[in-house]
Amino acid sequence: MRYVEWDPVDLLPPTWLSPRISSPFRVFNPAILAHGDGFLLAYRAVLADGIRRIGLCRLDAQFRVLPGSPGPWSDHVPSSPPRPLWFADPRLYSWSGRLYLYWNTGWGDDENAQYLQELNPQTLLPAAPPRPLTLAAPRQRIEKNWMLFGPSPAQAIYFPRPLRLLRFAWPDTVLHPAGEFAWDDAGYEATYGPLRGGAPPAPDSDGFWCVTHSVAFAPDGFRYWPALLRFRSDGRVTHRPNGPLPLPNPYRCRRRLPRLNPYAGQVLYPSGLARSGPDWAISYGINDERCALAVLTAPELAAAVERIPS
């Protein structure tokens, strides 16, 4: 397994390096997507002024930041509908050759919102106003972990277990229930907490790999565990996690700055999954302040799951 960690300074666009706003700062929860000869990387940034932002840059095939590419993506979001003040947890998504970024507005007293926005493939700037992602069914007050995939039909995972699928047709961004599929996790959730969302699923032969996360209590704060499962195109889950996905964390619970979330302990938060030749690249945040990536071989990926008996 290869480990990559980006220097946070390399991910900040010049306009965010002003002494007035930049220090101290956190850059975390990166989402990766294969694009052209390299990759795109979107990530959260929380600077000294406390405003929640999203940055976006290009990577080469070796996951190095291309000089001059980091941009202040959230600064360019059109103001209609009203521009959200809180940009959280970006995900990158490709559909029918077009690029999209979606994010949520975090926590609040009322329901939060999720937005899907097309990107200009040359400039990576917003190509149109943000479109709200809504659910044609009762929803939770806070929604932030839907995992879009497809290309046809465009779908999303609403919950990993039972696997609840949604379906939509762009430009309509109302998502409709498309099936619910029960599967036995063999006790994973009893130890590591209920599975939640994570990275948009990536196709593999007749199915999809899906990197999720779970949260469980620990004495030093709630611990966020990455996990892996695989499901077929018909919705049947074929492989379940045999334990947490062993992504590297050289810091354990150590942080450079005070906890952004006072209740969180060790946090490994997966946000992206992409093919890199024969291997798989998983991008993830560490402790709400760092951006990292692990490159797993196909056997290493398969070792993190076990087949569910038919």
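Residues numbered from 1 in each chain as written. Predicted model: local features only at pLDDT ≥ 70, side-chain atom pairs only at ≥ 80, totals over all residues. Heavy atoms only, no water.

1. What to know about the sheet that holds strand β6 (residues 98-104)
As a general point, the strands of a sheet are linked pairwise by backbone hydrogen bonds and lie either parallel or antiparallel. Pairing is mixed across the open sheet formed by eight strands, whose spatial order is β5-β6-β7-β8-β12-β11-β10-β9. Two strands close off the open sheet at either side, each with one partner strand: β5 (88-95) and β9 (147-149). Between one strand axis and the next, the sheet turns through 30 degrees on average, direction left out of account. (Pairing = 2+ DSSP bridges. Helix = DSSP H or I, 4+ residues; strand = E, 2+ residues; numbered from the N terminus. Axes fitted to C-alpha atoms, helices over the stretch in contact; angles between N-to-C directions.)

2. Re the pairing of strand β18 (residues 264-276)
Within β18, twelve of the 13 residues are buried, which leaves the element mostly enclosed by the surrounding structure. Bridge count for strand β16 (residues 222-232) against β18 is two bridges, and the pairing is parallel. Its bridge partner being in β18, Phe 222 is matched across the sheet by Ala 264. Where β18 meets strand β19 (residues 279-286), eight bridges bridge the pair, whose relative direction is antiparallel. Each residue of the ladder has a partner; that of Gly 272, found in β19, is Ser 283. Hairpin connection, β18 to β19: the antiparallel pair is bridged by two residues, and Gly 277 has positive phi, about 65 degrees. (Buried < 20%, exposed > 50% of the residue type's maximum accessible area, 1.4 Å probe, protein only.)

3. A few points about the pattern of salt bridges
Scanning the entire structure with this criterion turns up 15 salt bridges. Across the pair Arg 98 and Glu 118 runs a salt bridge whose closest N-O atoms are separated by 2.9 Å. Taken as a pair, Arg 98 in strand β6 and Glu 118 in strand β7 (residues 114-119) lie far apart in primary sequence, 20 residues in all. When its relative accessible area of 34% is taken as the criterion, Arg 98 is described as partly exposed. We note a salt bridge from Asp 206 to Arg 230, for which the minimum N-O separation is 3.1 Å. Here Asp 206, found in the loop between β14 (202-204) and β15 (207-216), pairs with Arg 230, found in strand β16; they are 24 residues apart in sequence, far enough to count as distant. Each member of the salt-bridge network shares a partner with another, and the members are Arg 44, Asp 89 and Lys 144. (Salt bridge = Lys/Arg side-chain N within 4 Å of Asp/Glu carboxyl O.)

4. Some words on the layout of surface pockets
Gaps left between atoms show up when a probe the size of a water molecule is rolled over them. Taken as a whole, the largest pocket spans an internal volume of roughly 720 Å³. Every residue lining the largest pocket is counted, 31 residues in all, and those nearest its centre are Trp 107, Lys 144, Asn 145, Arg 196 and Tyr 224. Of all elements in the fold, only β2 (26-35), β5, β10 (154-159), β13 (195-196) and β18 reach the threshold of two or more residues within the lining of the largest pocket. Of the residues forming the lining of the largest pocket, the biggest block, three residues, is contributed by β18. In terms of residue class, the lining of the largest pocket is made up of 17 nonpolar, seven polar and seven charged. In this model, the second largest pocket occupies a volume close to 360 Å³. Lining the second largest pocket we find 21 residues, and of these Leu 33, Pro 201, Ala 202, Pro 203 and Leu 273 sit closest to its centre. Among the elements of the structure, β2, β5, β9, β14 and β18 are those that each provide at least two residues to the lining of the second largest pocket. Looking at which element gives the most residues to the lining of the second largest pocket, the answer is β18, with five residues. (1 Å grid on protein atoms, 1.4 Å probe; cavity = no way out; pocket = protein on both sides within 12 Å on 5 of 7 lines; lining within 4 Å. Points joined across faces, edges and corners; volume = space filled by probe spheres on them. Nonpolar A, V, L, I, M, F, W, Y, C, P; charged D, E, K, R; others polar.)

5. Re the nonpolar core
Within the largest apolar cluster, 22 residues are counted, with the highest numbers of intra-cluster contacts made by Trp 6, Leu 11, Ile 32, Leu 41, Leu 59, Phe 63 and Leu 293. At the level of secondary structure, the elements contributing two or more residues to this core comprise β2, β3 (38-46), β4 (52-59) and β20 (290-296). The element best represented in this core is β3, accounting for four residues. Leave out the neighbours within four places in its chain, and Leu 293 touches Arg 2, Tyr 3, Val 4, Trp 6, Ile 32, Phe 63, Ala 281, Ile 282, Ser 283 and Tyr 284. Core analysis: the second largest hydrophobic core is formed by 20 residues, Ala 202, Tyr 284, Leu 296 and Leu 301 among them. (Core = buried A, V, L, I, M, F, W, Y, C linked by side-chain atoms within 4.5 Å. Contact = heavy atoms within 4.5 Å.)

6. Re the sheet that holds β3
Strand order in the open sheet formed by three strands is β2-β3-β4, with antiparallel pairing between adjacent strands. Because the sheet does not close on itself, it has two edges, and the strands there are β2 and β4. Ignoring strand direction, the axes of neighbouring strands in this sheet form an average angle of 20 degrees. Sheet topology places β3 next to β4; eight bridges connect them, and they run antiparallel. Pairing of Val 46 across the sheet is with Arg 52, part of β4.

The quantities given are spatial measurements derived from coordinates; they are silent on function.
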